[in-house]
Amino acid sequence: MLSDKAVTPIGAETVDYPGEDLNVLSASKNYYRWIVDIMEPFVSGHTVEYGAGIGTMSQRLRPHVERLTLIEPATHLAERLTHSFKDDAAVEVLNNTLERHAPFLPAGSIDAFVLVNVLEHIEDDAQAVKWMFEALAPGGKLALFVPALPWLMSDLDRAHGHFRRYRRQDLVRLMDMVGAEIELLHFFDMPGIVPWWLLNTIGGKVDFNLPAVRVFDSLVIPPTRWLETRFPPPIGKNLVMVAHKPRR
């Protein structure tokens, strides 16, 4: 069982975030399974997931790691995570933010960091990467999944606190800054570009439609995964990247 410490904020600024969109997006089972299957070969040991939300990624990551620390700034979501993992002594849940957690990690203490749709929420993403890289053990991994293509920036992005959408060269620059070696970097979900642009960038929608999410996940994602796994797309709605800290 988790101790009381697991649900106590550690200097965190709690976040008033209802999280209804996370419940909608959790219906994208094929989508999230695809992300996990890409990242799973790179995570091990003590893994930290920032922005764990309702545990959509966490539940899928858990079988692949020895110890999992989940950081979630929204208090009610951290409590929900704690309940979900209450019987797993190898999972720790902290109601905290990356900015108030990562700087205090001992150097070389973490085997992997996972951030899925999180780094775009961090105003100083370069500083965040520096903190995580310092905390990584030699050979440790940094796995990122971020929104791509700045021209897709929408009211939905801004409503959810996104400071940016990324280009490939943005991630390369961040990794070069700390001396990380990129193992994997490619676009993800090319078919998602058009509906995002029409509905969100042009149409101004600021929420997700559950039936549409389910249809896209069941009809579009499986063939998209098959194709993009074999033929990496030249462009996509998201970027996925894994880099490691050199052993030297």
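Preceding this paragraph is the structure being described.
A quick note: this is a predicted structure, and the numbers were derived from the prediction, not measured.

Asks: Got a sec to walk through unusual backbone geometry? Specific residues and values, please.
Replies: Unusually for a residue other than glycine, L149 sits at a positive phi of about 70°. Relative to the elements of secondary structure, L149 occurs in the loop between β5 (136–147) and α7 (155–159). The buried category is assigned to L149, whose relative accessible area is 8%.

Asks: Give me the lowdown on the sheet that holds strand β4 (residues 110–116), citing residues and values where you can.
Replies: Adjacent strands of a sheet pair through backbone hydrogen bonds, lying either parallel or antiparallel. The strand order across the open sheet built from seven strands is β3-β2-β1-β4-β5-β7-β6, with neighbouring strands paired in mixed fashion. One side of each edge strand has no neighbouring strand; the edge strands of this open sheet are β3 (91–94) and β6 (181–188). Ignoring which end each strand starts from, the neighbouring axes of this sheet average 10° apart. Bridging between strand β2 (residues 67–71) and β3 involves four bridges; their strand directions are parallel. When the sheet's bridge partners are listed, I71 is paired in β3 with L94. Against the sheet, helix α8 (residues 168–178) touches β5, β6 and β7 (238–244), its axis set at about 165° to β6.

Asks: Outline the nonpolar core, listing residues and values.
Replies: Y50, F113, L115, L119, L142, L171 and M175 are the most contacted members of the largest nonpolar core, which has 40 residues in total. Broken down by secondary-structure element, the contributors of at least two residues to this core are β1 (46–50), β4, α6 (125–135), β5, α8, β6, α9 (193–202) and β7. Once you skip the residues sitting within four places of it in the chain, L115 turns out to touch Y50, L98, M132, L142, A143, L144 and F145. By size, the runner-up hydrophobic cluster in this structure holds 30 residues, among which are W34, V43, L70 and F145.

Asks: Tell me about α8, residues and numbers included.
Replies: Among the residues of α8, D170, L171, L174, M175 and V178 are the ones counted as buried. Along the long axis of α8, the arc covered by the buried residues comes to 130°, so they all point the same way. Against the buried residues of α8 lie α6, β5, β6 and β7. One or two positions beyond α8, positive phi appears at G179, with a value near 85°.

Parameters at a glance
- Residues numbered from 1 in each chain as written.
- Predicted model: local features only at pLDDT ≥ 70, side-chain atom pairs only at ≥ 80, totals over all residues.
- Heavy atoms only, no water.
- Helix = DSSP H or I, 4+ residues; strand = E, 2+ residues; numbered from the N terminus.
- Buried < 20%, exposed > 50% of the residue type's maximum accessible area, 1.4 Å probe, protein only.
- Pairing = 2+ DSSP bridges.
- Axes fitted to C-alpha atoms, helices over the stretch in contact; angles between N-to-C directions.
- Contact = heavy atoms within 4.5 Å.
- Core = buried A, V, L, I, M, F, W, Y, C linked by side-chain atoms within 4.5 Å.
- Arc of directions from axis to C-beta.

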